[in-house]
Amino acid sequence: MQRHGTFSHNPQAGKVADDHPGLPKPRRWWAIAAISFGTALLVIDGAIANVALPTIARELSVSEAAVTNVVTVYQLVLVMLLLPFSSLGDRLGHRTLYQAGQGLFMVASAACYFVESFTVLLLLRAFQGIGAAMALSVSAAMLRQIYPASKLGTGMGVNSVIVASSAALAPTLGGYIVGNLPWQIVFVAAAPLAVVSLLMGRSLPDPEPRDQPSKWRSGVLSALTMLFLVGGIQLGTHDALGWGIATFVAGVILLLLLIRRERRREAPVFPVDLLSKPVLGLSALANFCSFIAAGALMLGLPFRLEIGMGYDPQTVGLLLLPFPLTMLVVSPISGWASDRIPATKLGVTGMSIAIVGLLLLATMPDQPGEWGIAWRLSLTALGFGLFFSPNSRLLIGRAPRDRAAAAGGLLSTSRLFGQTMAAVVIGLLLAGGLGLGPVPLYVSCALAVVAALASLARFSQRKSAANG
């Protein structure tokens, strides 16, 4: 019988750990490299297409509004399938599903090179989204197997660096490709990373399939719920407000039905068992709100800088660089620190700093100067960087070992759904004539406050449980 890690409270560090020793060295280093290449692949492909959209619209003779579906289809498929695939990963084995997803992603990416039809491009982007969902749904669970329990925070910090650096690289790489090569290369550029990751794949944790009944009905209902929720949001931001509201309401009804169905099940596809635990549910809420806050900041600020303050687009890109660069430095440090300092202390401290930074950005003068913008953004990024890795560590590390994939799916879903909601928030503010001033930053600040309060409530719940 497989032995699952037991949990114990460490009063000195104030954190919960299990007894998992991680992979032995040097296999651990090869496994870290394999999953890092795989993560970079998926992040780059998710962000690189933005730069190419005007060129694609021109080359394939589609409207600027329609071409945004190149990004929307990928994100929609991804958020729909993360939770169903995390459940499937437990049945098939995490490494098996992870590598199958990378293989599918690689094939779909290679096929994009031959695209000459917008419809075919959207179809291949959907297949890329399926492959990405297969891999991302179990990647966090494999991180928990790769690293010793005492170093899981360090692992989450390293993973955050890979995500941040890949996201920062994607626009530059995409711009170079569009300017010098056929636009189709944009969708092929990251495929070599899949080859490298697959070649290193034997070093990843061995697959441990579990004999579980099929849950395809729950998986389909979960996917449809996300389709209606996210689809309704997307429709509402594309001049179809009535249809968007109706679709979103249908999604809420499906969500209630899904929760009612999953409450009766062991190891449910939609992780109601994890969300019902205050520590995990509040961590997921904090993750969701923090990603809306960070996303709204990075989507809304360029409008204020370019239209409100008169900076040209190239300068705006440079002015935004302090945020990802600061995150690159802070994320691994906060991950390392979360192995030694309680996640709530780090998280609340970080979110408090982010709130101060957002308020300073909202109240900065009309002409603050480049340095005035840079230090405010860096301060805000310092706060978010101190929050993300410890909160992720707590969400993954506190879940029962046999539900690690479900916790990883919940983490990724809350992040992607939060980023989607950030775009909606900025779209609504712009449509209402409030997007060019400080209002988006005040909205981000309010969401950061909710994230901080959720972290504090999580601490109160743990303290009450300990006293009880």
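Quick summary incoming for the structure in this document. Quick caveat: nothing in here was measured; it's all calculated off a predicted structure. (Residues numbered from 1 in each chain as written. Predicted model: local features only at pLDDT ≥ 70, side-chain atom pairs only at ≥ 80, totals over all residues. Heavy atoms only, no water.)

### Digging into the overall build of the protein chain
Moving on, step 1. When helices and strands are tallied, the protein chain shows 17 helices and two strands.
Moving on, step 2. In terms of overall size, the protein chain behaves like a compact globule, its C-alpha atoms giving a radius of gyration of 21 Å where 468 residues would be expected to give roughly 23 Å.
Moving on, step 3. With the C-alpha coordinates aligned to their principal axes, the bounding extent of the protein chain is approximately 60 × 50 × 45 Å.
Moving on, step 4. Each of the 468 residues in the protein chain was classed as buried or not, and the buried ones make up 55%.
Moving on, step 5. Long-range pairs, those at least 24 residues apart, make up 81% of the contacts in the protein chain between residues at least 6 apart in sequence.
Moving on, step 6. In the structure as shown, the protein chain presents an accessible area of about 19,900 Å², 67% of it carried by carbon and sulfur atoms.
Moving on, step 7. Considering the protein chain, the positive charge centre built from 33 side chains and the negative charge centre built from 20 side chains are found 12 Å apart. (Helix = DSSP H or I, 4+ residues; strand = E, 2+ residues; numbered from the N terminus. Rg over C-alpha atoms; globule rule 2.2 N^0.38 Å. Buried < 20%, exposed > 50% of the residue type's maximum accessible area, 1.4 Å probe, protein only. Contact = heavy atoms within 4.5 Å. Areas by Shrake-Rupley, 256 points an atom, 1.4 Å probe, with all protein chains shown as cover. Lys, Arg positive; Asp, Glu negative; His and termini not counted. Charge placed at Lys NZ, Arg CZ, Asp CG, Glu CD.)

### A word on the side chain of Ser86
Moving on, step 1. Inspection of the secondary structure assignment puts Ser86 in helix α3 (residues 69-92).
Moving on, step 2. For Ser86, a relative accessible area of 2% puts it in the buried group.
Moving on, step 3. For Ser86, the contacting residues outside a window of four places in its chain are Ser137, Ala405, Ala406 and Gly409.

### Thoughts on helix α5 (residues 118-146)
Moving on, step 1. Relative to the 42 Å expected for 29 residues at 1.5 Å per residue, α5 spans 40 Å between its end C-alpha atoms, a close match to the ideal helical length.
Moving on, step 2. Most pronounced at Ser139, the bend in α5 amounts to some 40°.
Moving on, step 3. Summarising burial for α5: 24 of the 29 residues are buried, a large majority.
Moving on, step 4. For α5, the N-terminal capping position is held by Ser117, with its side-chain oxygen 3.3 Å away from the main-chain nitrogen of Thr119. (Expected span 1.5 Å × (residues − 1). Bend = angle between axes of the 7 residues up to and from the residue. Polar contact = N/O pair within 3.5 Å; in protein donor to acceptor, adjacent residues only side chain to side chain.)

### Some words on the environment of Gln212
Moving on, step 1. Relative to the assigned elements, Gln212 resides in the loop between α7 (191-199) and α8 (216-236).
Moving on, step 2. A residue is classified by how much of its surface remains accessible, and Gln212, at 17% relative accessible area, is buried.
Moving on, step 3. C-alpha of Gln212 to C-alpha of Ala267: the two residues are 55 residues apart in sequence and 9.4 Å apart in space.

### Examining helix α6 (residues 152-180)
Moving on, step 1. When the terminal C-alpha atoms of α6 are compared, their 41 Å separation across 29 residues agrees well with the 42 Å that a helix rising 1.5 Å per residue should span.
Moving on, step 2. Ala170 marks where α6 bends most, by close to 30°; the proline Pro171 follows one to four residues later.
Moving on, step 3. Within α6, the full set of buried residues consists of Leu152, Gly153, Gly155, Met156, Gly157, Asn159, Ile162, Ala164, Ser166, Ala170, Gly174 and Ile177.

### Overview of the environment of Met309
Moving on, step 1. Mapped onto the fold, Met309 is located in the loop between α11 (278-308) and α12 (313-320).
Moving on, step 2. Judged by relative accessible area, Met309 falls into the buried class, the value being 10%.

### Comments concerning the nonpolar core
Moving on, step 1. Ranked by internal contacts, the top residues of the largest apolar core, which has 90 residues, are Ile56, Val70, Leu121, Ile146, Phe187 and Leu204.
Moving on, step 2. If one sorts the elements of this core by residue count, α5 sits on top with 16 residues.
Moving on, step 3. Residue contacts for Leu121: discarding those within four places in its chain leaves Ile56, Leu60, Val70, Cys112, Val115, Trp183 and Phe187.
Moving on, step 4. Within the second largest apolar cluster, 42 residues are counted, among which are Leu301, Tyr311, Ala381 and Ala452. (Core = buried A, V, L, I, M, F, W, Y, C linked by side-chain atoms within 4.5 Å.)

### Looking at the pattern of salt bridges
Moving on, step 1. Under the definition given, this model contains seven salt bridges.
Moving on, step 2. Here Arg125 ties to Asp45 by a salt bridge, and the two come within 2.8 Å at their closest N and O atoms. Here Arg125 is found in helix α5, whereas its partner Asp45 is found in helix α1 (residues 27-59), with 80 residues between them in sequence. Each member of the pair, Arg125 as well as Asp45, is classed as buried.
Moving on, step 3. A salt bridge links Arg261 to Glu262, with the shortest nitrogen-to-oxygen separation between them at 4.0 Å.
Moving on, step 4. Through salt bridges with shared partners, one network takes in Arg27, Arg95 and Asp206. (Salt bridge = Lys/Arg side-chain N within 4 Å of Asp/Glu carboxyl O.)

### Quick word on the packing of α6 against helix α13 (residues 322-338)
Moving on, step 1. Running from N to C, α6 and α13 point in directions that differ by 170°, and their axes come no closer than 6 Å. Taken as axis vectors, α6 and α13 run roughly antiparallel relative to one another. Facing α6, whose interface residues are Gly153, Thr154, Gly157, Ser160, Val161, Ala164, Ser165 and Ala168, α13 presents Pro324, Leu328, Ser331, Pro332, Gly335, Trp336 and Ser338.
Moving on, step 2. Within the contact of α6 with α13, the residues separate by chemical class into seven nonpolar, eight polar and no charged. (Axes fitted to C-alpha atoms, helices over the stretch in contact; angles between N-to-C directions. Parallel < 35°, antiparallel > 145°, perpendicular 65-115°, else oblique. Nonpolar A, V, L, I, M, F, W, Y, C, P; charged D, E, K, R; others polar.)

### A look at the packing of aromatic side chains
Pairs of aromatic rings are described using the distance from one ring centre to the other and the angle between the two planes.
Moving on, step 1. By the definition in use, this model includes seven aromatic pairs.
Moving on, step 2. Judged by centre distance (6.3 Å) and plane angle (90°), the ring pair of Trp183 and Phe187 falls under edge-to-face.
Moving on, step 3. When the ring of Phe323 is compared with that of Phe384, the centres are 6.2 Å apart and the planes differ by 55°; the resulting orientation is tilted. Remark: Phe384 occurs in helix α15 (residues 369-397) and Phe323 occurs in helix α13; sequence separation between them is 61 residues. (Phe/Tyr/Trp six-rings, centres within 6.5 Å; stacked < 30°, edge-to-face > 60°.)

### Considering the packing of helix α4 (residues 94-112) against α7
Moving on, step 1. Axis separation between α4 and α7 bottoms out at 9 Å; the angle between their running directions is 150°. Considering the angle they form, α4 stands roughly antiparallel to α7. Both α4 and α7 take part in a crossing whose hand is left-handed. Taking contact as the criterion, the partners of Tyr98, Gln99, Gln102, Gly103, Met106 and Ser109 in α4 are, on α7, Ala191, Ala194, Val195, Ser197 and Leu198.
Moving on, step 2. Looking at the contact of α4 with α7, its residues break down into six nonpolar, five polar and no charged. (Left-handed = near helix turned anticlockwise from the far one by under 90°.)

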